[in-house]
Structures are given as structure tokens and as C-alpha cells.
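A structural walkthrough
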Amino acid sequence: MGIVGPRGAGKTVLLRQLAAANREAFYLSTDTLESGVDLFGIVKELLERYAFRMFLLDEVHFLRDAAGALKQIHDFLPVRVVFTSSVALALHASAHDLARRVRLHTLDYFSFREYLGFRHGEHLERLSLEHLLSADVGADYLRAGRYFGAYLAGGLLPFALDEPDPLPLLAGTIEKIIERDIPATLRLHLDEIPLLRKLVAFVGR
């Protein structure tokens, strides 16, 4: 199973919760591994030596030929793998390589309804387009609009629940995407990274 989503959406927290709930699970952040490491060999040894049967692999886009290693693990080892990536293009490309071996799920930032529930304890039912066109919208939906500005100003980020000012953390997240995620996926020249930074600033303005 593959989980794709932006940095800060909660993928790592989700994997660590799975690891804490399952004694046979092993969490590994693949961005800490050396280049060219044999992921199949690591999983095989952990299975044989310590009987781990579930492997939670975080940020697999940092691995060279991650799709090949995941194929090999799936085909030859009796283990379950859940892996994540913050780089959607890399993970969707891997899904084609992995053919019928992988199911991809998307983990996004909070929707406005999720934000209302987690941040303000207000739980509103989903509104369909048909309902909006054919019926009156209740007052509780209209009152919730007072929080929409805060939602757009960083409230959609799950880590903003514990941070009064999430924007500096978001700036750090964007910097990590520019400095690490994009170069790990695309072939870029060193002098193109400052141009990316300027482009993001321009779009943000």
C-alpha cells in the first residue's frame, strides 16, 4: 500500500501510529539510508532475524529504484509493506512499474470540515451540490464561515493544531521540498534551485 500526500499532511504520524499498534511492524525512514542501499536485503534480514512482518517505509522517493525493491519484496518475502512519498509524481510513476502489486491512497491536508471538527469541535455533515442547489443551507454552516480565514491562513495544516503560528513551519516545509524532494526526483542543475524558490515566492504573492 502506498500513501501519497504533501509534506506535513500526517503520513509519518500515521506510519508511527501503525508501528506502535503492531508488534510485528518496523518503521524505517528511507531518507536516512545511504545511496544504493539494498532495501530487499534489509527487509529480508529483519524478517529472518527479528520476525518483523510489516514494514512501514517513509519517503521512498529518496531511494534509487524504489519500485524495483518494492517489487522484489512483494514477490519473494511474506511481509506487508506500507510506504509513503511526498512527491506525487515519483509515487504515481512507481505505481505503474509495480503494476497490480500496489494500491495507492492520497492523504491531503485538512478539508474545511475536518478543520472545523479538529480545531473547533464543530461537526457538520457533508453538503452535496444537489443539496446546495435545491435546499436552504442551515445557519450552522453559515456561522462556520467565520473560521474560513484562519483555515486559509494555515489551519488546513494538521501540525497547525498545536502551533499558534504555523506559517514559519510551512516555510520550512517548502524549503525542504525545494532543497530535497524536487532534486531527488527531477534532474536539476544547482543554479535552478534559486529559480524554484523565486517561482514559489511569486506564486505565493
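Residues numbered from 1 in each chain as written. Predicted model: local features only at pLDDT ≥ 70, side-chain atom pairs only at ≥ 80, totals over all residues. Heavy atoms only, no water.

1. Points about the pattern of salt bridges
Should their charged atoms come close, side chains of opposite charge can pair. Counted by the stated rule, this structure contains nine salt bridges. With a closest N to O distance of 3.1 Å, R49 and E45 form a salt bridge. Of the two residues, R49 and E45 both sit in helix α2 (residues 39-50), four residues apart, roughly one turn of that helix. What makes R49 exposed here is its relative accessible area of 57%. Because the salt bridges share partners, they merge into one network encompassing R7, E59 and D181. (Salt bridge = Lys/Arg side-chain N within 4 Å of Asp/Glu carboxyl O. Helix = DSSP H or I, 4+ residues; strand = E, 2+ residues; numbered from the N terminus. Buried < 20%, exposed > 50% of the residue type's maximum accessible area, 1.4 Å probe, protein only.)

2. As for the layout of surface pockets
Over the atoms, a rolled probe matching the size of one water molecule traces out where space is still vacant. Taken as a whole, the second largest pocket holds about 490 Å³ of empty space. Lining the second largest pocket we find 22 residues, and of these G8, G10, K11, T12 and V13 sit closest to its centre. Of the residues contributing to the lining of the second largest pocket, the split by class is eight nonpolar, seven polar and seven charged. (1 Å grid on protein atoms, 1.4 Å probe; cavity = no way out; pocket = protein on both sides within 12 Å on 5 of 7 lines; lining within 4 Å. Points joined across faces, edges and corners; volume = space filled by probe spheres on them. Nonpolar A, V, L, I, M, F, W, Y, C, P; charged D, E, K, R; others polar.)

3. Here's the deal with helix α5 (residues 112-120)
Residues of α5 that are buried: Y115, L116 and G117. Along its buried surface, α5 packs onto α7 (139-144) and α8 (148-155). Downstream of α5 by one or two residues, G121 has phi in the positive range, about 70 degrees. (Contact = heavy atoms within 4.5 Å.)

4. What to know about the packing of aromatic side chains
Enumeration according to the criterion identifies nine aromatic pairs in this entry. Look at Y115 and Y151: their rings are 5.5 Å apart centre to centre, the planes differ by 50 degrees, and that puts the pair in the tilted class. Highlighted residues: Y115 in helix α5 and Y151 in helix α8, separated in sequence by 36 residues. The exposure class assigned to Y115 is buried, which follows from its relative accessible area of 4%. An aromatic cluster of at least three residues, connected via ring pairs, comprises F26, Y50, F52 and F55. (Phe/Tyr/Trp six-rings, centres within 6.5 Å; stacked < 30°, edge-to-face > 60°.)

5. Remarks on the pairing of strand β4 (residues 80-85)
The element β4 is largely enclosed, with a buried count of five among its six residues. Looking at chain direction, strand β1 (residues 2-4) and β4 are connected through three bridges and run parallel. Its bridge partner lying in β4, V4 is registered against S85. Pairing of strand β3 (residues 54-58) with β4 involves four bridges; the strand directions are parallel. Following the sheet pairing, F55 is matched in β4 by V81. (Pairing = 2+ DSSP bridges.)

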